[in-house]
Structures are given as structure tokens and as C-alpha cells.
2 protein chains.
Amino acid sequence: MNIGAASEKSGLPAKTIRYYEDIGLLTAERASNGYRDYSMTDVHRMRFIQRSRSLGFSVEECGQLLSLYDDKERESADVKALAKTKLAEMDRKLVELTELRDTLRRLVRSCQGDRRPDCPIIEGLSSAKRKQ
Amino acid sequence: MNIGAASEKSGLPAKTIRYYEDIGLLTAERASNGYRDYSMTDVHRMRFIQRSRSLGFSVEECGQLLSLYDDKERESADVKALAKTKLAEMDRKLVELTELRDTLRRLVRSCQGDRRPDCPIIEGLSSAKRKQ
DNA sequence: CTTGAGCTTCCAGTTACTGGAAGCACTACG
DNA sequence: CGTAGTGCTTCCAGTAACTGGAAGCTCAAG
């Protein structure tokens, strides 16, 4: 399939797919017309990257994960360790995000949304609970 | 207080504080020696930006929020609308993140962490539930 | 056979920092 | 009082991860 179809199936913009190829995260077959030609395996790889990125993995870390994926001889303990580290990070981030969401939600509720210039959202955001 | 102290109190690196000044998000008094001199109000503003950024507001949006904050005559409805939009976005992101965290957690649990090369983490990540 | 969408490469720009050099300012120590 | 070290200053360059745009080739439809 062409890059457009792969883009649609993977959720990655075509530009980004080309960029990932540039930096070595993806490779592409070429059709006789010079167009990139992707298989479902490629799309899986794209989705893998897409998901990993949205999980908070940097492109570099995606590369690590993918290299573990590619090198079937690698011990799965490596993958597990990496995943565990990321998991802890995500848990932390999730708590933080939830807190912030709740703060914002509370503030939106308490804000009148009328013409009073002293909106509590601003007040709340600038003085919200500091940690450590 | 100097930039170092403000950095510590706000959680923003000094470099970043200077950068925010560059792009007009922050201003700074200057002491007689030419050093930037910050008040607690400035630190609040920094914390506001720091929190907003970590909430997923872009620097541009922080600017909008801050301009609403600065211009006391503005209706708070504007702030509320902006906050509400962001709130919806955060809720979506939170759901997505939770899903991904759970996926990763399940996978970490099912992965042996031994020398078997067929780690299910990779498999799971690359084929995880696709939506819409 | 042309029109338009989709593909190609390449280069430039963007966002939000981050690092490093060169040099002035302040504190502390001998 | 000199100097060592840390912190501040500016400025310029680099980074990550895209994103946009130009110039040109390719393909399907009318």
C-alpha cells in the first residue's frame, strides 16, 4: 500500500512516516514507480511507534524497543525492564495529570462564566498545591 | 530574589525563565547589578506557566491565559471557555493514557522476564486495540 | 490528453527549549 | 587586597520532533 493508506491505517501523518524513515525508525519497500510500498507489518510497526510515542516514549526509546523487537535473540528481560521503568513513569504522570484535571474541573465549576473579572480559574492555577 | 532562587521556587530552569522572558511570557525587574530580580508574584506567574504547560497547554495558550489574567477587564467567560476546552482534551488524554498504562501493565505481568525471545510486550504494543 | 490528486526529494521553518562560550558580579578565604 | 569559585549576564548554536512548501514525477478519471 502507498504512504497515504499506511498513514490512514497507522494514524501517523505521511510526513511523519517519511521523517521516521529518515531517522532510521522505519524502512520502506519501493514499488517500481518509486513510491513507498508498505505491508501490514509495516503498519503494525507504525502503530507500535505511534502508541509508544503517545505513551510518552521518546523517539529514541521507541528505537530501543524496536531494536529489541527486531533482534529476536535479545532476552525479554531487557524489554521487561524498559517497560517497567516506563510503567512507573506513567503511573506518576497519570496521578499528576488526574490531579491537574481535577483542579481544573473544580475551577471550571466554581467559575461563574459571567462578566466578573476575578475568575477563580486563574487564581487556582497560579497557586495550586505545590508538592515536594 | 535572583533567577536561581526563582528557578528553585517555581520549578522552571533558569534557562527556561530567560527564554520565557525572551518570548514575552515573563518580565523581570533588574537589580542595580543587572541581575534579574523576582518577587513572589513573579514566582506565582512562573508556577502558573509551569503548571499550565504540564497540563498540556502550549506556550501560546499559556500566553492567552496570562493575557486574560493580566487584563482584569476581560470577561471570565473567556477563561472558562478556554479552560473547558482544555478540560475535555485532558479527559480524553487521561482515558487514553490509562488504557495504555493498563495495557503495558498487563503485558509486563504476562512477560516472563526470562530469556524467552518472544516477549508478549512487543506483540501487545504493536497490535493493541485500535479505536475509530 | 489534460487535470488533479498523490507521490517524490529537499530545504527551510517551528516549538520549546538546552548547551556553551565569553565576560561581569559577588562571596569567601588566605 | 588578590584570587578562586560560583552565579549572573548576553548571544549564538544546536536539539527533538516534526511541519510546511516548492518543484517535479506518476497515476486514475473524464
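Check the entry above for the structure.
Remember, it's a predicted structure, so these values are computed and weren't measured experimentally.

Q: Account for the overall build of chain A, naming residues and giving values.
A: Helix and strand counts for chain A come out as 6 helices and 2 strands. Counting from the amino terminus, chain A carries its helices and strands in the arrangement α-α-β-β-α-α-α-α. Looking at the 132 residues of chain A, the share that counts as buried comes to 39%. Of the contacts made within chain A by residues no fewer than 6 positions apart, 42% connect residues no fewer than 24 positions apart. Split by element, the accessible area of chain A, about 7400 Å² in all, is 47% carbon and sulfur.

Q: Can you break down the packing of aromatic side chains residue by residue, with the values?
A: Summed over the entire model, instances satisfying the criterion amount to 2 aromatic pairs over all chains. For the pair A:Tyr19 and A:Tyr20, a centre-to-centre distance of 5.8 Å together with 45° between the ring planes defines the contact as tilted.

Q: Describe the protein's contact with DNA strand D, and please don't skip the residues or the numbers.
A: Around DNA strand D, the structure places 18 residues, and the nearest of them are A:Lys15, A:Tyr20, A:Asn33, B:Tyr35 and B:Arg36. Taken together, the sugar and phosphate atoms account for 65% of what DNA strand D places within 4 Å of the protein. In this structure, A:Tyr20 approaches DNA strand D through a side-chain N or O atom, which is 2.4 Å from a phosphate oxygen. Contact distances for DNA strand D include 3.0 Å between a phosphate oxygen and a backbone N or O atom of B:Gly4. Mapped by element, the contributors of at least two residues to the surface near DNA strand D are helix H2 (14–22) of chain A together with helix H1 (3–10) and helix H2 (14–22) of chain B. Counting residues per element, the surface near DNA strand D draws most heavily on H2(A), at 4 residues.

Q: Give a detailed account of the protein's contact with DNA strand C, specifying residues and quantitative values.
A: Near DNA strand C you find 18 residues, and of these A:Tyr35, A:Arg36, B:Lys15, B:Tyr20 and B:Asn33 are the closest. Between A:Arg18 and DNA strand C, the recorded distance is 3.0 Å, taken from a side-chain N or O atom to a phosphate oxygen. Those elements giving two or more residues to the surface near DNA strand C turn out to be helix H1 (3–10) and H2 of chain A together with H2 of chain B. At 4 residues, H2(B) tops the list of elements feeding residues into the surface near DNA strand C.

Q: So, the side chain of B:Ser10: which residues are in play, and what are the values?
A: Residue and element names in this part refer to chain B. Relative to the helices and strands, serine 10 resides in helix H1. Given a relative accessible area of 1%, serine 10 falls into the buried group. At 2.8 Å, the side chain of serine 10 forms a polar contact with the backbone oxygen of alanine 6. In contact with serine 10, other than residues within four places in its own chain, are Ile17, Val43, Met46, Arg47 and Gln50.

Q: Talk me through the packing of H1(B) against H2(B); I want residue IDs and the actual numbers.
A: Residue and element names in this part refer to chain B. It is the contact of H1 with H2, at a shortest axis distance of 9 Å, that shows an interaxial angle of 100°. By the angle class used here, H1 and H2 are roughly perpendicular. Here Ile3, Ala6, Ser7 and Ser10 of H1 come into contact with H2, specifically with Ala14, Ile17 and Arg18.

Procedures and definitions
- Residues numbered from 1 in each chain as written.
- Chains lettered and ligands numbered in written order.
- Predicted model: local features only at pLDDT ≥ 70, side-chain atom pairs only at ≥ 80, totals over all residues.
- Heavy atoms only, no water.
- Helix = DSSP H or I, 4+ residues; strand = E, 2+ residues; numbered from the N terminus.
- Buried < 20%, exposed > 50% of the residue type's maximum accessible area, 1.4 Å probe, protein only.
- Contact = heavy atoms within 4.5 Å.
- Areas by Shrake-Rupley, 256 points an atom, 1.4 Å probe, with all protein chains shown as cover.
- Phe/Tyr/Trp six-rings, centres within 6.5 Å; stacked < 30°, edge-to-face > 60°.
- Near = heavy atom within 4 Å.
- Polar contact = N/O pair within 3.5 Å; in protein donor to acceptor, adjacent residues only side chain to side chain.
- Axes fitted to C-alpha atoms, helices over the stretch in contact; angles between N-to-C directions.
- Parallel < 35°, antiparallel > 145°, perpendicular 65-115°, else oblique.

Spatial relationships are all this shows, so hold off on functional conclusions.
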